[in-house]
Amino acid sequence: MADIHLEYVVPEDDFTRAGEASADLKARLKKLGLSSEAIRKVSISLYEGEINLAIHAKGGRISVDVAPDNVHMCLRDDGPGIPDVALAMREGYSTAPDEVRSLGFGAGMGLPNMKKYADEFEIESTVGVGTTVCMRVFV
Amino acid sequence: MKIKEIAEVLNAEVLTATDLEREVHTACGSDMMSDVLAYVKDQAVLVTGLNNPQVVRTASMMDMVCIVFVRGKKPDDSIIQLAQQLDIAILATDIPMFPACGILYAKGLRGGN
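Here is what the cut-offs are and how they apply
Residues numbered from 1 in each chain as written. Chains lettered and ligands numbered in written order. Predicted model: local features only at pLDDT ≥ 70, side-chain atom pairs only at ≥ 80, totals over all residues. Heavy atoms only, no water. Core = buried A, V, L, I, M, F, W, Y, C linked by side-chain atoms within 4.5 Å. Buried < 20%, exposed > 50% of the residue type's maximum accessible area, 1.4 Å probe, protein only. Helix = DSSP H or I, 4+ residues; strand = E, 2+ residues; numbered from the N terminus. Contact = heavy atoms within 4.5 Å. Phe/Tyr/Trp six-rings, centres within 6.5 Å; stacked < 30°, edge-to-face > 60°. 1 Å grid on protein atoms, 1.4 Å probe; cavity = no way out; pocket = protein on both sides within 12 Å on 5 of 7 lines; lining within 4 Å. Points joined across faces, edges and corners; volume = space filled by probe spheres on them. Nonpolar A, V, L, I, M, F, W, Y, C, P; charged D, E, K, R; others polar.

Moving on: the nonpolar core. Counting 33 residues, the largest nonpolar core has Phe105(A), Leu46(B), Val56(B), Met62(B) and Ile67(B) as the members making the most contacts within it. Contributing elements (two or more residues each) for this core: helix H2 (36-56) of chain A together with helix H2 (33-39), helix H3 (53-61), strand S4 (66-69), helix H4 (77-85) and strand S5 (89-92) of chain B. The element best represented in this core is H2(A), accounting for 5 residues. What Val56(B) contacts, discounting residues up to four positions off in sequence, is Ile67(B), Ile79(B), Leu82(B), Ala83(B), Leu86(B), Ile88(B) and Ile90(B). Formed by 28 residues, the second largest nonpolar core is a distinct cluster that contains Tyr8(A), Val66(A), Leu75(A) and Ile82(A).

Another aspect to go through is the environment of Val9(A). Mapped onto the fold, Val9(A) is located in strand S1 (residues 4-10). Judged by its relative accessible area of 66%, Val9(A) is exposed.

Once that is clear, we can look at the packing of aromatic side chains. All names here are of chain A. If you walk through the whole model with that rule in mind, you get 2 aromatic pairs over all chains. Between the aromatic rings of Phe15 and Phe105, the centroid separation amounts to 5.9 Å while the plane-to-plane angle is 70°, which identifies the pairing as edge-to-face. One end of the pair, Phe15, is in the loop between S1 and helix H1 (20-32); the other, Phe105, is in the loop between helix H4 (98-101) and helix H5 (110-117), with 90 residues separating them in the sequence. Here Phe15 and Phe105 have matching classes, each one buried.

On to the layout of surface pockets. Considered as a void within the structure, the largest pocket measures approximately 590 Å³ in volume. Forming the boundary of the largest pocket are 35 residues, of which Asn52(A), His56(A), Ile82(A), Thr95(A) and Leu111(A) lie nearest the centre. Residue assignment for the lining of the largest pocket shows that the elements contributing at least two residues are H2, strand S3 (70-77), helix H3 (85-88), H5 and strand S5 (130-138) of chain A. No other element matches H2(A), which puts 7 residues into the lining of the largest pocket. Within the lining of the largest pocket, the residues separate by chemical class into 20 nonpolar, 12 polar and 3 charged. Volume-wise, the second largest pocket comes out at about 330 Å³. Forming the boundary of the second largest pocket are 17 residues, of which Lys26(A), Lys30(A), Ser60(B), Gln85(B) and Leu86(B) lie nearest the centre.

Written out as structure tokens, the structure is:
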């Protein structure tokens, strides 16, 4: 299988469209014949990332590289940044507004879920500059 | 049980033209999609009172095949179309979450792993 490179843009202020990138990637990986376990790990971690971009960062950019033995995903935004990354990684900690909770998210599970489902997880954030999250799932 | 039996016991309206003969054995009830993503493993049916497109997206990520909207929630056309596209059956019942889950449990659906 040749390496595949994909780019997605998560639009600003359109929560209803968050999830389109992960749905597209999921369909592609299915066609490539990856195991359902690997596809689920990729889809959930990317989906949570998309939701985060929509909730906290007014959208962002996603790049995905599919190699024969792993899927590597990077999500980048120019959002407000995370002042305390360790705190943000804690299950249940959330800064999401009530409006987001009424949509079924914002329970402080996003980043912990991403870390849980990805085999490798890295996060870098600078307040006022933005956040980059990179994840790898071995397939 | 079959999806069409779920529709019958919950007196639910079927809003998609998907395969209602599909057998399902497990379900989960939640309005919090983050929890569905965190804890669901192999459940086939999502019972929810939350009404937005992310319900369908979440169900799809978890390979679920049926969503039951409870307490009279009626998803709009865009939600129904998305579900149709992803081959997920949409049912809508007036019964609230707790009794709806109880009825399905009594009929043999379980929580799964």
